[in-house]
Amino acid sequence: MSNKSYLSVYAKSFSWAGYFLPKETFEKCSSLYDFCRIADNIADDNEEIENKIKKFVQFENDFNQKNFENPIIKNMWGLIEEFNISSKIVQDLLIGIKSDIKDKVRLNSKKDLLVYSFRVAGTVGLMMAKILKVDKKSSLRSAIDLGIAMQLTNISRDVIEDSKNNRFYINENFEEISSTINLADTFYENSFYSIKDIPISFRFSILVARRVYRKIGYKILDKKNFENYQNSGKIYVSNAEKILETFLSIFDLIKLSLSYKRDNQIQHDHFLINEEINLDERI
């Protein structure tokens, strides 16, 4: 796709936050995002299910067999080796994306929702943290929380669009959408104090991404009811709002530097996920 990364085209909020990262680190984060986006695009393409499964299995096999003729896979293996990323995390991600390749997707419980959110986004938060040189276990758990929070925000925002594609991660009513945003908020809160353990040159970028994405949830809650939500189209954060949230992130940075709360005192809501996935093995 020419010289543009998938990050700059598909993930405007992340791309905005990426301006505050050193160039070399941003490129590594882009390589991770490119890998995730390629896999995701296979699941989201408007094709027959059988074709999508075939393409996805091919992509999985190319990854497992280290087919370095594909530069996306070559770059991903480069990250895995450089930052000691467990292949189990990548397998979790691929299992999560593959679970969307069905005629109909329906999650039936909070556990289903959190396990799915870990697989498709908590894994990305965890890998991103490793690229940002975070190594404390409690801080890596917080990185998982930020990924899950962002995924819950996505799910809350895309209920109408997902239902058109026969995907029902949550029920189509405003009460459940609001409840999912409130659940996301718990995970956003749990992600905050560990940002102190990210090297200073990367810290501000993560605070900006966290604020901008969280803003989407607040904008959804402002809709008050399902009819307004339905009539809004895709809810996003405008450039003017991004500038404001970026400015407010300066106060987050100050709050973080003055904080004495220890990240190992945070009660991470990982019990339901751990019933199915051993997070300690991933971290």
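So, here is what we can say about the structure in this document. Not measured: the values here are computed from a predicted model.

### Let's talk about helix H6 (residues 87–98)
In this model, H6 (12 residues) spans 16 Å end to end at C-alpha, consistent with the 16 Å of a helix rising 1.5 Å per residue. Burial in H6 covers these residues: Ile89, Val90, Asp92, Leu93, Leu94, Gly96 and Ile97. Contact partners of the buried residues in H6: helix H3 (23–44), helix H4 (49–64), helix H5 (71–82), helix H7 (110–131) and helix H15 (279–282). The N-terminus of H6 is capped by serine 86, whose side-chain oxygen sits 3.1 Å from the backbone nitrogen of lysine 88.

### Brief notes about the nonpolar core
Ranked by size, the top nonpolar core spans 88 residues in total, and within it Leu32, Phe35, Phe63 and Met76 carry the most contacts. With near-sequence residues (within four places) excluded, leucine 32 lies in contact with Met76, Leu79, Val124, Met127, Met128 and Ile131.

### Regarding H5
Helix length check: H5 (12 residues) gives 16 Å between terminal C-alpha atoms against 16 Å at 1.5 Å per residue, within 8%. Looking at H5, one finds that the buried residues are Ile72, Ile73, Met76, Trp77, Leu79 and Ile80. In an axial view of H5, the angular spread of the buried residues amounts to 155°, which keeps them on one side of the axis. Across from the buried face of H5, at angles greater than 90 degrees, the exposed residues are Pro71 and Glu81. Packing partners of the buried residues in H5 comprise H3, H4, H6 and H7. You can read the cap of H5 off the contacts: a side-chain oxygen lies 2.9 Å from the backbone nitrogen of isoleucine 72, and it is on asparagine 70. Positive phi shows up at asparagine 84, right after H5, with a value of about 55°.

### Some thoughts on the packing of aromatic side chains
According to the stated counting rule, one finds 9 aromatic pairs in the structure shown. With centroids separated by 5.7 Å and ring planes inclined at 80°, the aromatic side chains of phenylalanine 247 and phenylalanine 251 adopt a geometry described as edge-to-face. You can see phenylalanine 247 and its partner phenylalanine 251 sitting in helix H13 (residues 239–258), 4 residues apart, about one turn around the helix. Each member of the aromatic cluster is reached from another via a ring pair, and the members are Phe35, Phe59, Phe63 and Trp77. One Lys or Arg, arginine 106, reaches over the ring of phenylalanine 168 and ends 4.7 Å from the middle of that ring.

### Focus on the side chain of serine 163
Summarising the element assignment, serine 163 is placed in helix H9 (residues 159–164). Look past the residues within four positions of serine 163 in its chain and what remains in contact with it is Phe168 and Glu172.

### A word on the environment of glutamine 230
Structurally, glutamine 230 is set in helix H12 (residues 226–231). A sequence separation of 71 residues divides glutamine 230 from valine 159, and the C-alpha atoms of the two residues are 9.0 Å apart.

### Here's the deal with the pattern of salt bridges
Enumeration according to the criterion identifies 23 salt bridges in this entry. Each of Lys88, Asp92, Glu281 and Arg282 takes part in a single network of salt bridges with overlapping partners.

Parameters at a glance
Residues numbered from 1 in each chain as written. Predicted model: local features only at pLDDT ≥ 70, side-chain atom pairs only at ≥ 80, totals over all residues. Heavy atoms only, no water. Helix = DSSP H or I, 4+ residues; strand = E, 2+ residues; numbered from the N terminus. Expected span 1.5 Å × (residues − 1). Buried < 20%, exposed > 50% of the residue type's maximum accessible area, 1.4 Å probe, protein only. Contact = heavy atoms within 4.5 Å. Polar contact = N/O pair within 3.5 Å; in protein donor to acceptor, adjacent residues only side chain to side chain. Core = buried A, V, L, I, M, F, W, Y, C linked by side-chain atoms within 4.5 Å. Arc of directions from axis to C-beta. Phe/Tyr/Trp six-rings, centres within 6.5 Å; stacked < 30°, edge-to-face > 60°. Lys NZ or Arg CZ within 6 Å of the ring centre and 35° of its normal. Salt bridge = Lys/Arg side-chain N within 4 Å of Asp/Glu carboxyl O.

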